[in-house]
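Residue-level structural notes
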Amino acid sequence: MDYISRIIHEKGFQHLCESVFVGLCQIVGTSIQVAIKRETRDIVEIMSRRLVEIDGFIHILSGSMREGFRLKGSDIDMMGWPNDHRVIWDMSQSEYYYTENKTLILSDSSMSPPGFTLLELLTPSKFLLSCVLMNDRLYISSALFRRQTQKHYFPGCREHGPCESCEYPGGFEYDMAYCFACDFWPPSASSWIDRCHSWPDREVVDVIVRNGCHIVPIGHPLGVHGHEHDEWRISFSLAEHKCVQTMNHCQFLTYGLLKIFLKEVINKQLDETNKLLCSYHMKTVVFWVIQQNVFPLWCPQNLLAGFWVCFKLLLKWVYEGVCPNFFIPQNNLFLSKVHGSAQGGLFQQLHSLYEKGLACLLQSPSIKSYITRVLCNPRLSICTDEARIISECDFDALFFFNNVGHFAEVLLTKNLNHCIKLLDTIEQFIRSSQTKYQVAVLQNLTVAILQKTAFTLHNMYTNTGLNKQMYIADRMSCHMLKSAAKFGCISDMVYMAIYYYKTSRYREALSVVEMTKFKLSQPCLIYSGYGDRERYTEAVGGKPWSTKIRQAFAKDIMLTGNICYINELIPEQQSVLEKDPFSILIIPLFVQLHLIEFLCYIQSDITLAQAALEKLKDLVHHDQGRYIEIVLRDISWEILGICQQMTGNHQAALDSFQRSLSQFPFSQIQTATQMRIQDLHIH
């Protein structure tokens, strides 16, 4: 280790920093990738807020993904709050609200430690079942609030801090925190405003203060004053997101390196109960180091020096047992876990890493290869030009699947008026969009809303007996779906085929299926993370985004739960709706194509229908994740069973439905599956 450390510090430090910088750009993302990810999430969030009902919940992405990270295995963190409730810090702030449409909640911090508060209910609320009586006043209990929201939205999930956590295959987790919003900056954090001399700048500070904060349902860990089940914590999630956005890319990558180091070195092989440090501690360290200006030169050639300054501050905090909250320093984030023998053990662990010097990074599998290539050749020349770090194909694929391909489904529609309002909002955004990436995202959103509008319009006039209106609605629906297919990716053609089948135009539906299959057979195709880089570059390299999306990209089919697309899948959609009124049924693209083929052929040619069924059966039985993601195995087996049942092969259908039930229940279709099994037993 001494030899390695000497090489690192004496011969190849600059090259080592540059190599790790390149590695982190490939793992975390280049500055342009991070900026694009933030832009697209902001667009969707703004549009979602404009459409929220007065009595509805606003939902936003939070945590690492909101900050712009795309680290492998990262959890998805969400925050949601009722739009008709607001927290105030004193009664004078009540004059800013109309109590007819806003429920007011008064923060009472007189009996709580720094960073925590009690919430007194001032006006009638839908959360009365979450209230307790204290000193003749009604307070919203954080524990009862969580019990109420968990019962309605997250049955079976486990608590994780202030969040409800649901686990998916492969250790992937989805964390949701329901909370309350406050439009005012908390008085207990007023000192932070005066502390911001160098970072963040005054303009950013003003924006942060204007945006207020949130109050999340979790009490002080030590149960001060006996109110731990009723207390709430002040959350600065929006402020933290804004601070992360103001980092330069080297600072952001340093934060990413600390997160990786925590996961792969410090917390490696530890169970949840023994993990004393978390990502939030790493974020807090970076914030303090940047603001205190103890390390002024953040650049690729100095990346590891910045990491080392942060690591030493973390070591100091663990030694002292104090991690001061960035906004309310009196709130010690170590108070509940990092103390006593646990504190001593953690300090010894970190100190042993400190004694190894930067060579301790060799224990990180993600970073090790970028270090060893410099150790083997200390004079290695490394290009830190971000435009050349990631190939065009990889860049485009990450942009499409992370920022374009699935974001449209966040904007769930309730009715035709919602669809029209969405299209109008998108048009306003397009007029003001500045970058080609923003335009690409908005183009995809337009395609998705046109598809939703087409099916919503058709369903409105079905079986009404108004032939003229049905004819007009059909023409409009066809026009919208053709426009969506023209400007969308390859798989957006499938919605046209679904509509033709739904309206009994089987020949047209099969024609669209064949055309889609032909386009999917092109060697430049990028689907589900797979593709040929060279063929992609040859076919669409350097071309406009609109061309790339139309010619080279495909994604799975997403059916909004409250819109009827295919009658044969109504039980599955109803099953999903029981779990969540605005859920989505995701169907693997090639499974959907075989399904449409089968449904069309079975109307007139059982031989061709059987051939389509055999293709579907072969795909579902033998695919190894290339065309069917592991979390979509349940719906794939379900669709195979439906087709087998329609041909009269009840035993095969029963086997498929049982296989569907044995998969991870990602699609939430168990009710429909069990109903279909019962139906088979009856007949």
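Here's what I pulled together on the structure shown here. (Residues numbered from 1 in each chain as written. Predicted model: local features only at pLDDT ≥ 70, side-chain atom pairs only at ≥ 80, totals over all residues. Heavy atoms only, no water.)

**Some points on the overall build of the protein**
Summing up its helical and strand segments, the protein has 28 helices and 17 strands in all. Taking the contacts inside the protein whose residues are at least 6 apart along the sequence as the reference set, 69% of them involve residues at least 24 apart. Accessible surface, the protein as shown: approximately 30,200 Å² in total, 52% of it carbon and sulfur. (Helix = DSSP H or I, 4+ residues; strand = E, 2+ residues; numbered from the N terminus. Contact = heavy atoms within 4.5 Å. Areas by Shrake-Rupley, 256 points an atom, 1.4 Å probe, with all protein chains shown as cover.)

**Topic: the pattern of salt bridges**
Applying the stated criterion across every chain yields a total of 13 salt bridges. In this structure, the salt-bridge partner of R533 is D394, at a minimum N-O distance of 2.7 Å. Here R533, found in helix α21 (residues 533–540), pairs with D394, found in helix α15 (residues 392–404); they are 139 residues apart in sequence, far enough to count as distant. Note on R533: relative accessible area 49%, which makes it partly exposed. (Salt bridge = Lys/Arg side-chain N within 4 Å of Asp/Glu carboxyl O. Buried < 20%, exposed > 50% of the residue type's maximum accessible area, 1.4 Å probe, protein only.)

**Examining the nonpolar core**
Ranked by internal contacts, the top residues of the largest apolar core, which has 133 residues, are F327, L350 and F553. For this core, the leading source of residues is helix α11 (residues 303–320), giving twelve residues. Counting residues in hydrophobic clusters, the runner-up holds 71 residues, among them L450, I566, V576 and L589. (Core = buried A, V, L, I, M, F, W, Y, C linked by side-chain atoms within 4.5 Å.)

**Some points on the environment of D230**
Of note, D230 is situated in the loop between β12 (213–216) and β13 (232–235). In contact with D230, other than residues within four places in its own chain, are L118, V132, M134, I140, S141 and S142. Among the polar contacts listed, one links the side chain of D230 to the side chain of S141, at a separation of 3.1 Å. (Polar contact = N/O pair within 3.5 Å; in protein donor to acceptor, adjacent residues only side chain to side chain.)

**Considering the pairing of strand β7 (residues 137–140)**
Bridging between strand β6 (residues 131–134) and β7 involves four bridges; their strand directions are antiparallel. Bridged to L133 within β7 is L138. In textbook terms, the turn of a hairpin is the stretch between consecutive antiparallel strands, and for β6 and β7 this stretch comprises two residues, one of which, N135, has a positive phi near 55 degrees. (Pairing = 2+ DSSP bridges.)

**A short note on a nonpolar patch on the surface**
A cluster of nonpolar side chains, contributed by L128, L133 and L138, occupies part of the molecular surface with about 280 Å² of accessible area. By the secondary structure assignment, L128 is in the loop between β5 (116–121) and β6. You can call L128 partly exposed: its relative accessible area is 48%. (Patch = residues over 30% accessible without salt bridge, like charges linked within 9 Å, V, L, I, M, F, W, Y side chains within 5 Å.)

**Considerations on the side chain of H214**
In this structure, H214 sits in strand β12. Beyond its immediate chain neighbours, meaning those up to four positions away, H214 contacts M79, W81, C179, F180, A181, R233, I234, S235 and L238.

**Brief notes about the pairing of strand β10 (residues 173–178)**
Along a regular strand, successive side chains alternate from one face of the sheet to the other. Within β10, five of the six residues are buried, which leaves the element mostly enclosed by the surrounding structure. Bridge count between strand β2 (residues 76–82) and β10: five bridges; the pairing is parallel. Within the sheet, the bridge partner assigned to G80 lies in β10 and is Y178.

These figures come from the coordinates and say nothing about function on their own.
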